[in-house]
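Chain residues, written in single-letter form:
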Amino acid sequence: MSSTPPSATRPADPSGRPAVIASAATAPSLIWTALIVVYLLWGSTYLGIRIAVETLPPLASAAARFAAAAVVLALVLRIRRGPGALRVDRRQLGSAALVGVLLLAGGNGLVVLAESGPPGTALPSGIAALLVATVPLLVVLLRSATGDRPRFWTFAGVTLGFLGLVLLVLPTGGADNVPLAGALTVVAGAVCWSIGSFLSGRIRMPADPFVATVYEMIAGAVVLAVLALGRGEMHGFDPSQVSTRSWLALGYLMVAGSLVAFTAYVWLLHHAPISLVATYAYVNPVVAVALGAVLVAEPITTQVLLGGAVIVAGVALVVSTERPRRARDGAEPAAPRR
């Protein structure tokens, strides 16, 4: 999955992230700087995953990535806030662990597996990003299954998005067919990610998103490490055989994806309307496809362009339809936790 840190993963209002009112004192230049950071860094993490797994064990490297990011974030919180910074009760800890396992071990882990393997089997990073973009659509379906009634245009966007998914993975008989096994693996990861995002707004999580992220990443890293050992990924592993570019990619994922972009995203949630912040859900796939094509020559076929455009259009329709209605005073009110 994208390297979106777990407690920040609310693809848009459909996932239950409360909106915040933009501060009049916040310079628009700062908001757009933070948005560009989120657009570029989270969009680039799909390519980072592909490069990392070229010579690193997929699940083991994902475990290392989140474990390292959790340690750094925990140390920063401890230094800045004091000894009690990470204190949570047992129920909050269990909730954060459950969400972390769904988002990171299920969501991100399956994406990492899909992008690993030899050419022709591994899913291109741009395709993975387009498939992950269906998360807001899946969250809408989860809301509907639990009694919520999204708007007509929300369902229209969901239908459009899933039509794009079918167009993207439909076999055409050509050499550039999307690997079906990898595509289905990413869709399964998107389902895990959606369930985790959906549950995080309905169970008792730590109040501070940074603290929640620490425990989510730790839980996800532990499960990923166990799965890596179960798959025998560390059997015969020789760090000296790992390429420099794979090590650099792993470091990039740790720092740029899991720390810098997450901090920018959380800052945006407190300074910009959620309808603006949520645009990352359909900008990230575009960035990922472009980077994959330019930097590692991933093919951009007519099928990719058509299916991807339909998916992004569906997600954009859902995000725009689900933006909070304006309050009487003209401000954008907080969306309820569904």
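Figured I'd write up the structure that's included with this text. (Residues numbered from 1 in each chain as written. Predicted model: local features only at pLDDT ≥ 70, side-chain atom pairs only at ≥ 80, totals over all residues. Heavy atoms only, no water.)

### Some points on the packing of aromatic side chains
Under the criterion given, the structure shown has five aromatic pairs. Arranged with centres 5.1 Å apart and planes meeting at 45 degrees, the rings of Trp-42 and Tyr-265 form a pair that is tilted. Of the two residues, Trp-42 sits in helix α1 (residues 28-52) while Tyr-265 sits in helix α9 (residues 244-271), which places them 223 residues apart along the sequence. Both residues of the pair, Trp-42 and Tyr-265, belong to the buried class. Judged by centre distance (5.2 Å) and plane angle (80 degrees), the rings of Phe-210 and Phe-262 are edge-to-face. Separated by 52 residues along the polypeptide, Phe-210 in helix α8 (residues 209-230) and Phe-262 in helix α9 bring together distant segments of the chain. An aromatic cluster of at least three residues, connected via ring pairs, comprises Trp-42, Tyr-265 and Tyr-280. (Phe/Tyr/Trp six-rings, centres within 6.5 Å; stacked < 30°, edge-to-face > 60°. Helix = DSSP H or I, 4+ residues; strand = E, 2+ residues; numbered from the N terminus. Buried < 20%, exposed > 50% of the residue type's maximum accessible area, 1.4 Å probe, protein only.)

### Let's talk about the layout of surface pockets
Computed from the structure, the largest pocket encloses a volume of approximately 500 Å³. Every residue lining the largest pocket is counted, 27 residues in all, and those nearest its centre are Arg-50, Pro-119, Gly-120, Ala-122 and Pro-124. Taken together, the residues that form the lining of the largest pocket break down as 16 nonpolar, six polar and five charged. (1 Å grid on protein atoms, 1.4 Å probe; cavity = no way out; pocket = protein on both sides within 12 Å on 5 of 7 lines; lining within 4 Å. Points joined across faces, edges and corners; volume = space filled by probe spheres on them. Nonpolar A, V, L, I, M, F, W, Y, C, P; charged D, E, K, R; others polar.)

### Section: empty space enclosed by the protein
The probe, sized like a water molecule, is rolled over the atoms to show the empty space still left. Summed over all chains, the structure comprises three cavities of 30 Å³ or more. Within this model, the second largest cavity holds a volume of roughly 50 Å³. If you go around the second largest cavity, the residues you meet are Pro-124, Gly-126, Ile-127, Val-289, Gly-292, Ala-293, Glu-298, Pro-299, Ile-300 and Val-304. Sorting the residues of the lining of the second largest cavity by element identifies α4 (125-132) and α11 (280-296) as the ones contributing at least two each. Examining the composition of the lining of the second largest cavity, we find that three residues originate from one element, α11, more than from any other. By residue class, the composition of the lining of the second largest cavity is seven nonpolar, two polar and one charged.

### Thoughts on the side chain of Glu-233
Among the structural elements, Glu-233 can be located in the loop between α8 and α9. At 2.9 Å, the side chain of Glu-233 forms a polar contact with the backbone nitrogen of Ala-60. Only 2.3 Å separates the side chain of Glu-233 from the side chain of Arg-231, close enough to count as a polar contact. In this view, Glu-233 contacts Pro-57, Pro-58, Leu-59, Ala-60 and Ala-228; residues no more than four positions away in its chain are not counted. (Polar contact = N/O pair within 3.5 Å; in protein donor to acceptor, adjacent residues only side chain to side chain. Contact = heavy atoms within 4.5 Å.)

### Quick word on unusual backbone geometry
Notably, Ala-297 is not glycine yet its phi reads approximately 60 degrees, a positive angle. Tracing the chain through its elements places Ala-297 in the loop between α11 and α12 (302-321).

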